[in-house]
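Now for the letters of each chain:
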Amino acid sequence: MSSGGVHYFFEGFSLIKTKGLKRFVFVPLTINLVLFSVAFYFLFGQIEMGIAYVIDLVPEWLGWIKTAISFFLWPLAVISVLLIFALIFGTLANWIAAPFNGVLSEKVERHLTGQDLGDEGVMSLVKDIPRTVGRELTKLVWYLPRAIGFLLLFFFLPIIGQVLWFLFNAWMIAIQYCDYPYDNHKVDFTRMRLHLGEHKGKAMTFGMMVNIFSLIPVVNFIVMPVAICGATSMWVRELKDTLAK
């Protein structure tokens, strides 16, 4: 039975806890955790200094204004940092973890299809690094010019621009994570993107859920392996068979 993208995203939370799959979740999870922790620590310090600088510009006799500025700037700054995380550090984490993400997707597919998970060595992973990095580069080349265009709309077309940016990122996230099982089956990027477009409703709702949960502190640490597992489940249950037809 056909399921929506929201269902597949939440299924990812169950899959990362599956016996036998946990060890393959560990590396992508650790990479995400380290990158986000370091980035947040660095950016938090920059926020603190920036807010202190702004507050120092206000004369001492306007103390109540200093308090009001601090009260409003902190949540605004934290939200901005979370948005930066979702865009920049999420992309960086996927680049670094790409070979491990591909392995996790492969193991999830084996689990869902009742196959033995296998125990391939490190050399098998190393061998796939040039291909997986090349695939990430292909996605980046496709993404960047479009991202620049939507960013311009984001800044110069209030409300509508923000909505379009959110929808574009949802689509890009769907491409990012659904691509791992396609790539494991040697389906080229253009064919993958066109085929995923035939299931755009599921892909977009899946991408929206990943996008939203990526903005939630602490939860965003586990979003990457959850999204890989959920996208692979969608591939196994719906996308794979329609590609073969």
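The text that follows walks through the structure, step by step, so that each part is easy to find. (Residues numbered from 1 in each chain as written. Predicted model: local features only at pLDDT ≥ 70, side-chain atom pairs only at ≥ 80, totals over all residues. Heavy atoms only, no water.)

## Quick notes on the environment of L104
Inspection of the secondary structure assignment puts L104 in helix α3 (residues 63-112). Residue L104 is classed as buried on the basis of its relative accessible area, which comes to 0%. Setting aside anything within four residues of it in sequence, one finds L104 in contact with L21, F24, V25, P28, P225, I228 and C229. (Helix = DSSP H or I, 4+ residues; strand = E, 2+ residues; numbered from the N terminus. Buried < 20%, exposed > 50% of the residue type's maximum accessible area, 1.4 Å probe, protein only. Contact = heavy atoms within 4.5 Å.)

## Here's the deal with helix α5 (residues 160-184)
In this model, α5 (25 residues) spans 37 Å end to end at C-alpha, consistent with the 36 Å of a helix rising 1.5 Å per residue. At C178, α5 is deflected by roughly 35°, the largest bend along its length, and proline P181 occurs up to four residues later in sequence. Burial within α5 is extensive, with 18 of its 25 residues counted as buried. Positive backbone phi, approximately 60°, marks K186, located one or two places after α5. (Expected span 1.5 Å × (residues − 1). Bend = angle between axes of the 7 residues up to and from the residue.)

## Quick look at the packing of α5 against helix α6 (residues 189-197)
Following both chains from N to C, one finds α5 and α6 inclined at 120°, their axes separated by 10 Å at the closest point. Considering the angle they form, α5 stands oblique to α6. Judged by the twist between their axes, the crossing of α5 over α6 is right-handed. Two secondary-structure elements touch here, α5 through W171, A174, I175, C178, D179 and Y182 and α6 through F189, M192, R193, H195, L196 and G197. Class assignment of the residues belonging to the contact of α5 with α6 gives a composition of eight nonpolar, two polar and two charged. (Axes fitted to C-alpha atoms, helices over the stretch in contact; angles between N-to-C directions. Parallel < 35°, antiparallel > 145°, perpendicular 65-115°, else oblique. Left-handed = near helix turned anticlockwise from the far one by under 90°. Nonpolar A, V, L, I, M, F, W, Y, C, P; charged D, E, K, R; others polar.)

## As for the packing of aromatic side chains
Throughout the structure, instances matching the rule amount to 13 aromatic pairs. When the centroid spacing of 5.0 Å and the interplanar angle of 55° are considered together, the rings of F9 and F213 count as tilted. With F9 in helix α1 (residues 5-15) and F213 in helix α7 (residues 200-213), this pair connects stretches of sequence that are 204 residues apart. Take F9 and F213: they sit in the same class, and that class is buried. In textbook terms, an aromatic cluster arises when at least three aromatic residues are bridged by ring pairs, as seen for F9, F10, F13, F206 and F213. A cation over a ring is seen here: K139 above Y180, with NZ or CZ 4.8 Å from the ring centre. (Phe/Tyr/Trp six-rings, centres within 6.5 Å; stacked < 30°, edge-to-face > 60°. Lys NZ or Arg CZ within 6 Å of the ring centre and 35° of its normal.)

## Some thoughts on unusual backbone geometry
Phi at K186 takes a positive value of approximately 60°, unusual for a residue other than glycine. One can find K186 in the loop between α5 and α6.

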